[in-house]
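Listed here are the chains, written in short residue letters.
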Amino acid sequence: MDRILGVTNVLCNAGLCLLATILPLTTDFVGIPSLAFIAAVLFLSSLFLYRIKVMDLRTRLASNDGRRALPPDAQGKTRWPYTVIYVLGYAFMAIYIATINGTVPLEPTLR
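Summarised in this report is the structure supplied together with it. (Residues numbered from 1 in each chain as written. Predicted model: local features only at pLDDT ≥ 70, side-chain atom pairs only at ≥ 80, totals over all residues. Heavy atoms only, no water.)

### Re the layout of surface pockets
Next, step 1: Its volume calculated, the largest pocket comes out at about 240 Å³.
Next, step 2: Lining of the largest pocket is provided by Asp2, Arg3, Val7, Val10, Tyr50, Arg51 and Arg79. (1 Å grid on protein atoms, 1.4 Å probe; cavity = no way out; pocket = protein on both sides within 12 Å on 5 of 7 lines; lining within 4 Å. Points joined across faces, edges and corners; volume = space filled by probe spheres on them.)

### Comments concerning a nonpolar patch on the surface
Next, step 1: Residues Leu57, Trp80, Val84 and Leu88 make up a contiguous nonpolar surface patch of about 320 Å² in total accessible area.
Next, step 2: No other element matches the three residues that helix 4 (residues 80-101) contributes to the nonpolar patch.
Next, step 3: Counting through the fold element by element, Leu88 comes out in helix 4. (Patch = residues over 30% accessible without salt bridge, like charges linked within 9 Å, V, L, I, M, F, W, Y side chains within 5 Å. Areas by Shrake-Rupley, 256 points an atom, 1.4 Å probe, with all protein chains shown as cover. Salt bridge = Lys/Arg side-chain N within 4 Å of Asp/Glu carboxyl O. Helix = DSSP H or I, 4+ residues; strand = E, 2+ residues; numbered from the N terminus.)

### A closer look at the environment of Ile95
Next, step 1: When you line up the elements, Ile95 lands in helix 4.
Next, step 2: Between the alpha carbons of Ile95 and Leu35 there is a distance of 7.4 Å; along the sequence they are 60 residues apart.

### Some thoughts on the packing of aromatic side chains
Next, step 1: Enumeration according to the criterion identifies four aromatic pairs in this entry.
Next, step 2: The interplanar angle of 70° and the centroid separation of 5.5 Å between the aromatic rings of Phe43 and Tyr90 together place this pair among those described as edge-to-face. Residue Phe43 is found in helix 2 (residues 33-49), and its partner Tyr90 is found in helix 4; the two are separated by 47 residues along the sequence.
Next, step 3: Judged by its relative accessible area of 0%, Phe43 is buried. (Phe/Tyr/Trp six-rings, centres within 6.5 Å; stacked < 30°, edge-to-face > 60°. Buried < 20%, exposed > 50% of the residue type's maximum accessible area, 1.4 Å probe, protein only.)

### As for unusual backbone geometry
Next, step 1: In this model, Asp28 sits at a positive phi of 55°, which is unusual for a non-glycine residue.
Next, step 2: By secondary structure assignment, the location of Asp28 is in the loop between helix 1 (2-26) and helix 2.
Next, step 3: A relative accessible area of 65% means that Asp28 is categorised as exposed.
Next, step 4: If you check the backbone angles, Phe29 has positive phi at about 60° while not being a glycine.
Next, step 5: You can see Phe29 is positioned in the loop between helix 1 and helix 2.

### Brief notes about the packing of helix 2 against helix 4
Next, step 1: The geometry of helix 2 relative to helix 4 is characterised by a closest axis approach of 8 Å and an angle of 160° between their N-to-C directions. In terms of axis orientation, helix 2 runs roughly antiparallel to helix 4. Read as a crossing pair, helix 2 and helix 4 show a hand that is left-handed. Contacts between helix 2 and helix 4 pair Pro33, Leu35, Ala36, Ile38, Ala39, Leu42, Phe43, Ser45, Ser46 and Leu49 from the former with Pro81, Tyr82, Ile85, Tyr86, Leu88, Gly89, Tyr90, Phe92, Met93, Ile95, Tyr96 and Thr99 from the latter.
Next, step 2: Here the residues of the contact of helix 2 with helix 4 sort into 18 nonpolar, four polar and no charged. (Axes fitted to C-alpha atoms, helices over the stretch in contact; angles between N-to-C directions. Parallel < 35°, antiparallel > 145°, perpendicular 65-115°, else oblique. Left-handed = near helix turned anticlockwise from the far one by under 90°. Contact = heavy atoms within 4.5 Å. Nonpolar A, V, L, I, M, F, W, Y, C, P; charged D, E, K, R; others polar.)

### Overview of the side chain of Thr99
Next, step 1: Residue position: Thr99 is located in helix 4.
Next, step 2: At 2.6 Å, the side chain of Thr99 forms a polar contact with the backbone oxygen of Tyr96. (Polar contact = N/O pair within 3.5 Å; in protein donor to acceptor, adjacent residues only side chain to side chain.)

This is the structure we're talking about:
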């Protein structure tokens, strides 16, 4: 089941990469299109990072002494770099969509 969800996540990120590339073209570059292109680059780079598993930061900071200590190879590894990169892509995409709708003002207003 985890494998199916992982593949689904990667395919959705690939689709979002295409959407982030095409969306500024279809909206006639309304808003700040560089945000969408940054999101596309982040989604694309996350696809290359999917296979990389790195030691979890919590286990890196914890003490590895004692009877139950595990060697570094046996400690838990996660895909946190992949997750951080695609979440940043989601954030940039959400901000771009907000600028399209006019939710985020493009010019500062003086009152």
